[in-house]
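Tertiary structure, described
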Amino acid sequence: MSNGALPATSADPDTAISNQPEVSVPIELAIQPPSEGTDSQAAGAADGTELVEGHIRTEAALSELFTAPATTLLRDIGEASFGPPPPLAETVHGPDDRIQITNTAIYPWRVHASLLITAADNSLWIGTGWFIGPHTLMTAGHVVYIKNSGVPGRDGWVKSINVMPGRNGSSLPYGSVTSSNFRTVNGWANSGDENYDYGAIIIPTDLGSTVGWLGFGVWPDADLLSAVANISGYPGDKPAGTQWYDHRTIASVNARKVFYDIDTAGGQSGSAAYRIINGVRYGVAIHAYGGATTNSGTRIIQPVYDNMVAWKA
Amino acid sequence: MPAKPIIVAGVVRGPGGEKLPQARVFIARGPVPVPDVAALTDADGRFTLSLPAAGSYEVACVAEGCAPSSAKIEVTQQQELRLELRLKAERPRQ
């Protein structure tokens, strides 16, 4: 399918679409296991979170974390404010608890990939993806298919994505691979509905067999609301290509979204929001949006899960 | 995203006024949830962002060797805005 072309269908919003010929795969289970890949030397995990030296999450009261932004000092658009950065960015709520991951060549950090995206209009973007199988990474729908940008020539399937697993600045411990083979669903590509903002990148190699992948599954509301979500990705407000991690208890859920106060920034779209059960890591959402009070990801519910299983085949 | 999003086209310049390629530009604050991506400026330091709704935004910019910066803007529907971000040199670490 060419960029910008949409399937002529009014099918279910979770109907998968692709820029490649489609293949159907039988669906069986509600939980997919992870893989640590080869020579993993996996980092340990405990009590729902990763064991990262020096990482302490501040649990401040919500009233302390969320203060209304000052609007009285807004400047004219022609007077772009220069100088030091603002103390708080919108997607960083309260104290910035993110910690840099430097041992990105080991599992699980190497399943997270820095993405360099070339859109249809040749504009460049950064995002994050995570392996769910030997040749498949999950990411946000708006990473693979740009919708309603308003910029001539930009909308539609992106041209290509350069995938760099476990990137640490200029270091690419597993090299990079370029893909132009993508997946998303009707609900995103046709409607631009953020409830369906998820997609996948199919790479032309089995690099996932080396770096491993996260499991994923479907859990009920009560289960998620008692779980800690973990996110590691490649935010644009940190040194280029560096991976940063944070975790926090899930704040709320609805039928199609998971909300959390985990600190993120532009460039982390597509990151896994995952939980750890007995040391085993499972994706529960695909991070996609920064919000005024909470950030959010597309929840892995049964139709999403079914597409993920088909896409990792 | 609305049918006609608000477009912010801009350029990022370094301490000497030079156009900065490969700078990361993203929405750090907005009135509604926004996609968590960042644009990279092109060879001429240019970028174009789409804003989903009218309101107050903070557009942030980060580039190697420069101090991070941001611009606060107030936008209304049907606007196309021009923005210039000039970054200061990064302070040497003590």
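Structure first, text after, so check above.
Residues numbered from 1 in each chain as written. Chains lettered and ligands numbered in written order. Predicted model: local features only at pLDDT ≥ 70, side-chain atom pairs only at ≥ 80, totals over all residues.

What to know about the overall build of chain B
Helix and strand counts for chain B come out as zero helices and eight strands. Expected size for 94 residues packed as a compact globule is a radius of gyration near 12 Å; at 13 Å, chain B falls within 12% of this value. By principal-axis analysis of the C-alpha atoms, chain B measures approximately 45 × 25 × 20 Å. Across the 94 residues that make up chain B, the buried fraction comes to 51%. Taking the contacts inside chain B whose residues are at least 6 apart along the sequence as the reference set, 55% of them involve residues at least 24 apart. (Helix = DSSP H or I, 4+ residues; strand = E, 2+ residues; numbered from the N terminus. Rg over C-alpha atoms; globule rule 2.2 N^0.38 Å. Buried ≥ 20, exposed ≤ 12 C-beta atoms within 10 Å, placed from the backbone. Contact = placed C-beta atoms within 7 Å.)

Structural notes on the interface of chain A and chain B
Every contact between the two is made by 43 residues of chain A and, on the other side, 39 residues of chain B. Looking at the side of chain A that touches chain B, the elements with two or more residues in it are β7 (124-133), α2 (141-144) and β21 (280-290) of chain A. Grouping the constituent residues of the side of chain A that touches chain B by class yields 18 nonpolar, 21 polar and four charged. Sheet topology places β7(A) next to strand β4 (residues 38-40) of chain B; three bridges connect them, and they run antiparallel. Bridging from a neighbouring strand, A:Ile126 pairs with B:Ala38 of β4(B). (Nonpolar A, V, L, I, M, F, W, Y, C, P; charged D, E, K, R; others polar. Pairing = 2+ DSSP bridges.)

Considering the pairing of strand β22 (residues 295-299) of chain A
Residue and element names in this part refer to chain A. Of all the five residues making up β22, five are buried; the element is thus mostly covered by neighbouring parts of the structure. As judged from the four bridges shared by strand β19 (residues 257-260) and β22, these two strands associate in the antiparallel manner. Paired with Tyr260 across the bridge in β22 is Asn295. Hairpin connection from β21 to β22: four residues lie between these consecutive antiparallel strands.

Quick look at the environment of A:Met308
On the secondary structure map, A:Met308 appears in helix α6 (residues 302-312). The residues contacting A:Met308, other than those within four sequence positions of it, are A:Ile132, A:Met138 and A:Phe216.

A look at the environment of B:Ala39
By the element assignment, B:Ala39 lies in strand β4. Taking the C-alpha atoms as reference points, B:Ala39 and B:Arg24, separated by 15 residues in sequence, lie 5.6 Å from one another. Residues contacting B:Ala39, with those up to four places away along its chain left out, are A:Ser123, A:Trp125, B:Val25, B:Phe26, B:Phe47 and B:Leu49.

Focus: the sheet that holds strand β5 (residues 46-51) of chain B
Residues and elements named next belong to chain B. In spatial order, the strands read β5-β1-β8; together these three strands make up an open sheet with mixed pairing. Of all strands in the sheet, those bounded by a partner on one side alone are β5 and β8 (80-86). Averaged over neighbouring strand pairs, the angle between their axes works out to 25° when direction is ignored. Sheet analysis places strand β1 (residues 6-13) next to β8, joined by seven bridges and oriented parallel. For Arg13, the partnering residue across the bridge sits in β8 and is Arg86. (Axes fitted to C-alpha atoms, helices over the stretch in contact; angles between N-to-C directions.)

A short note on the nonpolar core
The biggest cluster of nonpolar side chains holds 95 residues, and the ones touching the most others in it are A:Leu214, A:Val258, A:Val284 and B:Val25. Sort the elements by how many residues they give to this core and β21(A) lands first, with six residues. Not counting chain neighbours up to four residues away, the residues in contact with A:Leu214 comprise A:Pro34, A:Pro108, A:Val111, A:Trp130, A:Phe131, A:Ile132, A:Ala272, A:Tyr274, A:Arg281, A:Tyr282 and A:Gly283. Core analysis: the next-biggest nonpolar cluster, separate from the first, contains five residues, A:Ile101, A:Trp109, A:Trp244 and A:Tyr245 among them. (Core = buried A, V, L, I, M, F, W, Y, C linked by C-beta atoms within 7 Å.)

Brief notes about the pairing of strand β6 (residues 112-118) of chain A
Residues and elements named next belong to chain A. Counted residue by residue, β6 has five buried out of seven residues, so it is predominantly covered. The pairing of β6 with β7 spans seven bridges and is antiparallel. For His112, the partnering residue across the bridge sits in β7 and is Trp130. Turn length for the β6-β7 hairpin, with the two strands adjacent in sequence and antiparallel, is five residues, and the turn residue Asn122 shows positive phi of about 70°. The pairing of β6 with strand β11 (residues 160-165) spans six bridges and is classified as antiparallel. When the bridges of β11 are listed, Ala113 appears paired with Pro165.

By themselves these figures say nothing about function.
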